[in-house]
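So the chains spell out like this:
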Amino acid sequence: MDFLSQTYIALRGPTGAPQSATDTISKLSDRLSPSTLLADRRAAVLSLKGLTRDCKAEVGDRALPGLIHVLQNDAEIDADIGKAVLETLHHLCEVDEASKELSLKHTDYILANEQVTHTLFTLLGDSHFYIRYATLQLLSTLLQNRRSVVQGYFLKAPNGAPSIISVMDDKREIIRNETIVMIQLLISQSPDIQKVLAFEGAFEKLFNTVTQEGGVEGGVISYDALRCVDGLLRFNSSNQSYFRETSLPALLCSLILFPPNQQLQDSLPQEFSLQFWDQQKAANVSLIIGIMGMLVGSKGNNNQETTVIVRCLVELALASNAPTPLKTQALRLLPSNLTFPLSNVVVTPFMPVPETNGEEWDRLEPASALDVLVELALHGEYNGLHGDRRSKDGLELRGAALNVFDNFVRKEEIKQAIIQGMLPPEVPTEAPMISPLLYALCLPPMSPLDIANVTTTHFAILLFTRLLSSSSRCKTLARSIKPSPSLSASTPSQGHFFVPADGGVPPPSGPEPDDDDAPHSLIPLLSENLSLCFLSKSRVDPANENEAREWERLIVGYLCLLVQWLWEDAKAVREYLEAGGLGVLVEPINQTAEGESLVPGLCAFLLGVCYEFNCEPGEITRSTIYPIITRLGVDAVIGQMTRFREDDRFKSITPESIVLSWPTPGGPPLSANQNQSQNPAEQEGELWFDWAFVDFWKSNHYTVQRGLNTDPNASSSSSSSSSGPSAESAMLISSLRDVIRTQAQELETLRAKLEELSTSSASQIRDLDARAADLASSLQESEDKKKDVEKEQEDLLVLLDEMNTKRRRDKERMREAGLEVSEDEEDVDDCEEEEEE
């Protein structure tokens, strides 16, 4: 009681005179001095805590140094003062709209000394509930305000990572949840901290939290823990490699009830295929699928592990009752270099029983994953149960299936095998098998229009285009496809898409067709369907904009297929022109209706393709088409192509999404990223183009524009053109050809010089060899002469020696005979003796 009284008197001032908040804060700040009692400091901190909400600036200016001193010296000793100072600092740094700059100023002051942050990491080791909780809150606030500074101090802290990991083992739920939130902020955009925490055991701690909370059924806590796992792995190849070396990838499959040791030929348990889904569980599974996609998409992955994860994603997308967005995500995360045997893996799809609200399901016949994938792209989920709807999610799923199919058929032999299965049987008496893809592709347009059939035909066009893309052999095989005249009245064979030798039951054979009903090839059939679409669209009531839009969408699909098929295929161009396709293209180019840009632009482009690659002999030649282009006007034709390129429905297509939101009445078409305020389950969408066609157009429309201005008697570009989907533009190709031509000429010049130098060098070598032979002969003669001279000298020396000996003998005999010898002769003898010596 005396303590409270003394404190009150000290704060009240002399004789009870009123004092301002600034004076009170100044006196409380003075009591934070180390010379005061711990109880006084505790009371001062508690009082300052109460004043921070109304006098945040004053408390920060006057008391912040003392509060930091208390934090560093008293927080570990006394839990109450530690809790109070941590909460006070948290209030000073907490950002709100009214005091953002002030909060950042306080944050910068606290972070000016790295020892303060080290103290906070040390306090995490305190087991007291309020100390840990308040420390986590303060660290989270500091990270939100100045993340990079705190991250730098964390890497230097002696006990930073161990203290974080130890807090993750706390059994108290609120501490654990706050720790996960703080970790998310701590690891953001910091690969070094991600590595440190990963190798300290963060993965195991986080998955323990998920398991304790009930796996994917664990609500928000499991979601936050999985977000931390995702943050530790994303854009961090080192952590991904470490993660794959643990047993945790198998745990990912187990969390969504997929057996990790499942063999390809084994069927999956129904617990995986049929689950109960809510919004939170779908969000949790979405994070797990994202982590799986990282593991199979990164380099250096294990084959067995990749196969298991890819099988899990395929089964989830094709044979489960998972929400549509999850199926779309699973298909999009499959690797682009897909080597998974879709044609050999058998899956068992399920169909919801009508009017049971998804509580009862029927098991369908097993089929190959490739058949189910194509079925999904053609008709949508559950065999087209909701095919008559324009659901944006449903179209996104079918677009993802289209991309997976494209990745699967990138190998030339797979494309050829699929198209080979659509060819007529070799034995004429056999009834042809009807592929679901061929059936949907040749389905004739019917009035009144059926939205489901239009979308099915459009996706069949996109699938078939992927088979023809960049493959002259496949285009040649496709020209041999001759669908049956009764195709529209027959039923496609289910489950026999890949090859016709699967033992499928052929459709019942009907009467033999007449000569007039003989099967036509595919290009004339597509040209006929395109004409029917134009005719049906012209008969639509102008007030019925939706039906006219659907007919236009189907016309666009046919035109896109013909454009890509006829590109660099002169025989296909000849077949299309002989089928009367040229007459269909002229009228749309002439029309100038407001808002009509797609169909006229595509017709202009197709006309340019027919003119560019018409080099086969026939009735309709380039000289026949050129007057039509002249009458339409080259500028007008190119103008239609320019208007097409500027259309929002073309410009909005991206590699990530090909589905556009259904436009509002009277408004422009919405892109894939617009109209997000509407409930995703209720959003309607539409499909116009895929990214493959957009890329094809951007790469080749300059070639068509340039070809429209060429003389018809000039050689067609098809004989020398090497452009294709891989070329960036015709201008680039032309410049590259000039460079290659110049380099070839330089190479020929250098080769001629080399031959000339080789010839001259050979003659010089021959001259040098002859000169060397002459020199060798001269040297040999000199040697012989030298030897002769030496021999003569030796003979002369011998002769001279003999003469000297004879002379001396003669002198001796003269002396013996008493005859006198002249002095000259004696001198000569002496000289001769000296010379001999």
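Residues numbered from 1 in each chain as written. Predicted model: local features only at pLDDT ≥ 70, side-chain atom pairs only at ≥ 80, totals over all residues. Heavy atoms only, no water.

A. Structural detail: the overall build of the protein chain. When helices and strands are tallied, the protein chain shows 38 helices and 6 strands. Taking all contacts inside the protein chain whose residues are at least 6 apart in sequence as the whole, residues at least 24 apart take part in 75%. In the structure as shown, the protein chain presents an accessible area of about 42100 Å², 51% of it carried by carbon and sulfur atoms. (Helix = DSSP H or I, 4+ residues; strand = E, 2+ residues; numbered from the N terminus. Contact = heavy atoms within 4.5 Å. Areas by Shrake-Rupley, 256 points an atom, 1.4 Å probe, with all protein chains shown as cover.)

B. Region of interest: the packing of aromatic side chains. Enumeration according to the criterion identifies 23 aromatic pairs in this entry. Between W567 and F696 the ring centres are 5.6 Å apart and the planes differ by 85°, which places this aromatic pair in the edge-to-face class. Of this pair, W567 sits in the loop between α29 (545–566) and α30 (570–578) while F696 sits in helix α36 (residues 691–708), and the two are 129 residues apart along the sequence. Across the pair, exposure class does not vary: W567 and F696 are buried alike. (Phe/Tyr/Trp six-rings, centres within 6.5 Å; stacked < 30°, edge-to-face > 60°. Buried < 20%, exposed > 50% of the residue type's maximum accessible area, 1.4 Å probe, protein only.)

C. Up close: the side chain of K475. With respect to the helices and strands, K475 occurs in helix α27 (residues 472–478). Buried within the structure, K475 lacks any salt-bridge partner; its nearest side chain of opposite charge belongs to D569, at an N-O separation of 5.4 Å. The residues touching K475, leaving out its near neighbours within four places in the chain, are L468, Q564, W565, W567 and D569. (Lys, Arg positive; Asp, Glu negative; His and termini not counted. Salt bridge = Lys/Arg side-chain N within 4 Å of Asp/Glu carboxyl O.)

D. Layout of the packing of helix α24 (residues 412–420) against helix α26 (residues 451–468). Direction vectors running N to C along α24 and α26 enclose 125°, while the axes themselves pass 9 Å from each other. It follows that α24 is oblique to α26 by the angle criterion. Along its contact with α24, which presents K415, I418 and I419, the element α26 presents R466, L467 and L468. For the contact of α24 with α26, a count of residues per class yields 4 nonpolar, no polar and 2 charged. (Axes fitted to C-alpha atoms, helices over the stretch in contact; angles between N-to-C directions. Parallel < 35°, antiparallel > 145°, perpendicular 65-115°, else oblique. Nonpolar A, V, L, I, M, F, W, Y, C, P; charged D, E, K, R; others polar.)

E. Spatial organisation of helix α3 (residues 38–51). The terminal C-alpha atoms of α3, which comprises 14 residues, lie 20 Å apart, in line with the 20 Å expected from a rise of 1.5 Å per residue. All buried positions along α3 are accounted for by D40, R41, A44, V45 and L48. Mapping the buried residues of α3 onto a view down its axis gives an arc of 135°, with all of them on the same face. (Expected span 1.5 Å × (residues − 1). Arc of directions from axis to C-beta.)

F. Structural view of the nonpolar core. Ranked by internal contacts, the top residues of the largest apolar core, which has 213 residues, are L197, F464 and F689. Sequence-distant contacts of F464, that is, excluding residues within four places in its chain, are made with M422, L437, L441, A478, I481, L522, L561 and W565. (Core = buried A, V, L, I, M, F, W, Y, C linked by side-chain atoms within 4.5 Å.)

G. Representation of the side chain of T457 in the model. Along the chain, the position of T457 falls in helix α26. Looking at T457, the relative accessible area reads 3%, which means it is buried. At 3.5 Å, the side chain of T457 forms a polar contact with the backbone oxygen of A440. Sequence-distant contacts of T457, defined by excluding residues within four places in its chain, comprise A440, L441, L443, L554 and Y558. (Polar contact = N/O pair within 3.5 Å; in protein donor to acceptor, adjacent residues only side chain to side chain.)

H. Here's a closer look at a negative patch on the surface. Side chains of E781, E783, D784, D788, E790, E792, E794 and D795 sit close together on the surface and give a patch of like negative charge. With respect to the secondary-structure elements, D784 resides in helix α37 (residues 730–816). (Patch = residues over 30% accessible without salt bridge, like charges linked within 9 Å, V, L, I, M, F, W, Y side chains within 5 Å. Charge placed at Lys NZ, Arg CZ, Asp CG, Glu CD.)

I. Molecular detail of the confidence of the model for the protein chain. Mean pLDDT over the protein chain works out to 80, with 83% of the residues at or above the 70 mark. Summarising per-element confidence for the protein chain, the mean pLDDT is lowest in helix α1 (residues 2–12) (50) and highest in helix α12 (residues 191–199) (92). Low confidence marks residues 488–516, where pLDDT is under 50. Its contacts with residues over four positions away, or in another chain, come to 44 contacts. For residues 664–678, every residue scores under 50 in pLDDT, and the model assigns this stretch 24 contacts once sequence neighbours within four places are set aside. (pLDDT = per-residue confidence, 0-100.)

J. Fine view of the pattern of salt bridges. Counted by the stated rule, this structure contains 23 salt bridges. Of the charged contacts in the structure, one is a salt bridge between D230 and R234, with a shortest N-O distance of 2.7 Å. Across the salt bridge formed by R466 and D406, the nearest N and O atoms sit 3.1 Å from each other. Note that R466 is positioned in helix α26 and D406 in helix α23 (residues 392–408), a separation of 60 residues in sequence.

K. The arrangement of helix α19 (residues 303–318) in detail. Taking 1.5 Å per residue, 16 residues should reach 22 Å; α19 reaches 22 Å between its end C-alpha atoms and fits that length. Of all the 16 residues making up α19, 13 are buried; the element is thus mostly covered by neighbouring parts of the structure.

L. Representation of unusual backbone geometry within the structure. Phi at F235 takes a positive value of approximately 60°, unusual for a residue other than glycine. By secondary structure assignment, the location of F235 is in the loop between α14 (219–233) and α15 (237–244). With a relative accessible area of 77%, F235 lands in the exposed category. The phi dihedral of L257 is positive, around 70°, even though this residue is not glycine.

M. Highlighting the environment of L562. Within the secondary structure, L562 sits in helix α29. Classification of L562 as buried rests on a relative accessible area of 0%. Each C-alpha atom of the pair L562 and L526 lies 8.2 Å from the other, and the pair is 36 residues apart in sequence. Ignoring any residue separated from it by four or fewer positions in sequence, one finds L562 in contact with L526, L530, Y576 and L606.

N. Broad picture of the environment of S188. Mapped onto the elements of the fold, S188 is located in the loop between α11 (173–187) and α12. Classification of S188 by relative accessible area gives partly exposed; the value is 26%. Here the alpha-carbon distance between S188 and S148, two residues 40 residues apart in the chain, equals 9.3 Å. What S188 contacts, discounting residues up to four positions off in sequence, is R147 and Q151.

O. Representation of the environment of L257 within the structure. Here L257 is to be found in the loop between α16 (248–255) and α17 (270–273). We classify L257 as partly exposed; its relative accessible area is 43%. C-alpha separation for the pair L257 and Q270, spaced 13 residues apart in sequence, amounts to 9.7 Å. If sequence neighbours within four positions are ignored, L257 has contacts with E271, F272 and Q275.

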